[in-house]
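One letter stands for each residue in the lines below.
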Amino acid sequence: MNRTRVRSAFSLGELLVVIAIITLLIAILIPAVQKVREAASKTTCGNNLRQLGAAAHNYHAVRKRLPPGYLGPSVQNQTAYPSHFHEGQWIGHFPLLLPYLEETSAYSQLQVEWRPHVVTPLPWFWKPGPVSHQENYAAGMTRVKVFRCPSAPEYLPQTGSSAPGAGGTMLGLHVFNSPSRGAFTDGWKDDYVRAASYKFLGTTTYMGVAGCGVGDHPTFSKYVGIYTNRSEVSLPSISAGDGASNTLLYGEACGTFWNSQPMTTDISWMAGGGLGTYLGLQRARTAPIIAFSSWHTAGVQFCFADGSVRLLRFGNSAWDEHSPFTSDWYVLQHLAGYRDGQLADASSLLE
């Protein structure tokens, strides 16, 4: 009687071949999946910027001007370092966009003096004392999806240190320039030591474009962005200047290691106002300072004043005080300044 031999298992050699094939397929597929995922994230990021631009335009339609970049120190003292820390609310204009982003509930909780010409002595996060402003903190802890690029990893707050190089969330930023300090950015940072329960503030990976800020430095003062301290810029004035299609409105600002561990410093959307372009475009993984930066591989996405969204390549635009200005740096500043009167060839940066 003949019997058929039934094979019940793979040999070791066959199993190794199967594992090798599966490993090869994974190695081929993972980059493709990552590429598709990044393309989707980039598209979503661009849509977020487009929504911010539309919200700003809707604000303008009602008030005939764009929102003030941020409510920092008084105009008279805005370059008076460090005394300018003693006045102003240091709140950005992103909260003013909330009603146009279907976030009216968070906006209605805020206790802020929004009139640009009224200067108050306390920042938005303090009350007389000073003690923490619980109402504003509560509103600021709202997560607003449109304020974050999906390519940026979620920020994990650091605790336990109030040192300048420690982690924390930026609560307010002020960009200015002067002959003595050059272009400079000042800011408040929540160290979570005195306000540990408020460490989970909602953050933003987008900021308005302040150019090189306000001031009287012979070079930097030429490049004034739309969103500077207590600014009141109208769209017609932009069109009459460099043109809305040639002027930056919003861009990506995806955190920094700020002399500490990567991603330990991010920006509260309550401080979402104006950020300087004088540091150039940085890669978020390595940006040593708070600057326009991105997790996208090719460059940083921006919304222009006409509402269009385009990517600017990193190029050779990054700058520090020890290096000369490059041609790419000048192109970026011309795009950031809305009244510098120069329309540089931006082909070296535009995708």
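In short, a report on the structure. Just so you know, these numbers come straight off a predicted model, no measurement behind them.

This part takes up the overall build of the chain. From N to C terminus, the chain includes six helices and 16 strands. Each of the 351 residues in the chain was classed as buried or not, and the buried ones make up 51%. Look at the contacts in the chain between residues 6 or more apart in sequence, and 71% of them connect residues 24 or more apart.

Buried residues dominate strand 8 (residues 206-211), accounting for six of its six residues. Here strand 8 pairs with strand 10 (residues 248-252) via three bridges, running antiparallel. Directly across from Gly208, in strand 10, lies its bridge partner Tyr250. Bridge count for strand 8 against strand 12 (residues 274-276) is three bridges, and the pairing is parallel. Bridging across to strand 12, Gly211 finds its partner in Gly276.

This paragraph deals with a nonpolar patch on the surface. A cluster of nonpolar residues, Leu12, Leu15, Leu16 and Ile19, forms a patch on the protein surface that exposes about 400 Å² of accessible area. Relative to the elements of secondary structure, Leu15 occurs in helix 1 (residues 12-63).

Within the structure shown, the criterion is met by three salt bridges. Between Arg65 and Glu232 there is a salt bridge, with the nearest N and O atoms lying 3.4 Å from each other. Of this pair, Arg65 sits in the loop between helix 1 and strand 1 (70-71) while Glu232 sits in the loop between strand 9 (214-215) and helix 5 (235-240), and the two are 167 residues apart along the sequence. Its relative accessible area of 38% is what places Glu232 among the partly exposed residues. We note a salt bridge from Glu135 to Lys127, for which the minimum N-O separation is 3.1 Å. Taking relative accessible area as the criterion, Lys127 reaches 25% and is therefore assigned partly exposed.

Counted according to the given criterion, the structure contains 26 aromatic pairs. The rings of Phe85, Trp90, Trp124, Phe125, Trp126, Tyr137 and Trp188 are connected pair by pair, giving a single aromatic cluster. Here the guanidinium or amino end of Arg181 rests over the ring plane of Phe184, the centre of that ring lying 4.0 Å away.

Looking at the secondary structure, you find Leu52 in helix 1. Separated by 251 residues in the primary sequence, Leu52 and Cys303 have C-alpha atoms spaced 8.2 Å apart. The contact partners of Leu52, leaving out residues within four places of it in the chain, are Phe94, Leu97, Leu101, Phe147, Tyr206 and Tyr250.

When you line up the elements, Pro82 lands in the loop between strand 1 and strand 2 (91-92). A relative accessible area of 46% places Pro82 in the partly exposed class. For the pair Pro82 and Asp186, spaced 104 residues apart in the sequence, the C-alpha separation amounts to 9.0 Å.

Further remarks concern the nonpolar core. Core analysis: the biggest nonpolar cluster contains 46 residues, and Leu52, Leu66, Phe147, Ile226, Ile238, Leu249 and Tyr250 have the highest contact counts within it. Within the residue set of this core, elements represented by two or more residues are helix 1, helix 2 (94-97), helix 4 (134-140), helix 5 and strand 10. At six residues, helix 1 tops the list of elements feeding residues into this core. Residues contacting Ile226, with those up to four places away along its chain left out, are Leu66, Val209, Ser231, Val233, Ile238, Thr247, Leu248, Leu249, Ala305, Ala336 and Tyr338. Core analysis: the next-biggest nonpolar cluster, separate from the first, contains 23 residues, Met207, Ile267, Ile290 and Phe304 among them.

The linkage connecting Tyr81 with the following residue, Pro82, adopts the cis geometry, with an omega of -5°. For Glu102, which is not glycine, the phi dihedral falls at a positive 60°. Along the polypeptide, Glu102 turns up in the loop between helix 2 and helix 3 (104-109).

This part is about the sheet that holds strand 16 (residues 309-313). For sheets, the rule is that strands pair by backbone hydrogen bonds, running either parallel or antiparallel. Spatially, 12-8-10-15-16 is the arrangement adopted by the five strands of the open sheet, whose pairing is mixed. A single partner strand is all that each edge strand has here, and the edge strands are strand 12 and strand 16. Strand-to-strand twist of the sheet, defined as the mean angle between neighbouring strand axes without regard to direction, takes the value 45°. Taken strand by strand, helix 6 (residues 327-336) contacts strand 8, strand 10, strand 15 (299-304) and strand 16, and its axis lies near 120° from that of strand 10.

Criteria and thresholds
- Residues numbered from 1 in each chain as written.
- Predicted model: local features only at pLDDT ≥ 70, side-chain atom pairs only at ≥ 80, totals over all residues.
- Heavy atoms only, no water.
- Helix = DSSP H or I, 4+ residues; strand = E, 2+ residues; numbered from the N terminus.
- Buried < 20%, exposed > 50% of the residue type's maximum accessible area, 1.4 Å probe, protein only.
- Contact = heavy atoms within 4.5 Å.
- Pairing = 2+ DSSP bridges.
- Patch = residues over 30% accessible without salt bridge, like charges linked within 9 Å, V, L, I, M, F, W, Y side chains within 5 Å.
- Areas by Shrake-Rupley, 256 points an atom, 1.4 Å probe, with all protein chains shown as cover.
- Salt bridge = Lys/Arg side-chain N within 4 Å of Asp/Glu carboxyl O.
- Phe/Tyr/Trp six-rings, centres within 6.5 Å; stacked < 30°, edge-to-face > 60°.
- Lys NZ or Arg CZ within 6 Å of the ring centre and 35° of its normal.
- Core = buried A, V, L, I, M, F, W, Y, C linked by side-chain atoms within 4.5 Å.
- Axes fitted to C-alpha atoms, helices over the stretch in contact; angles between N-to-C directions.

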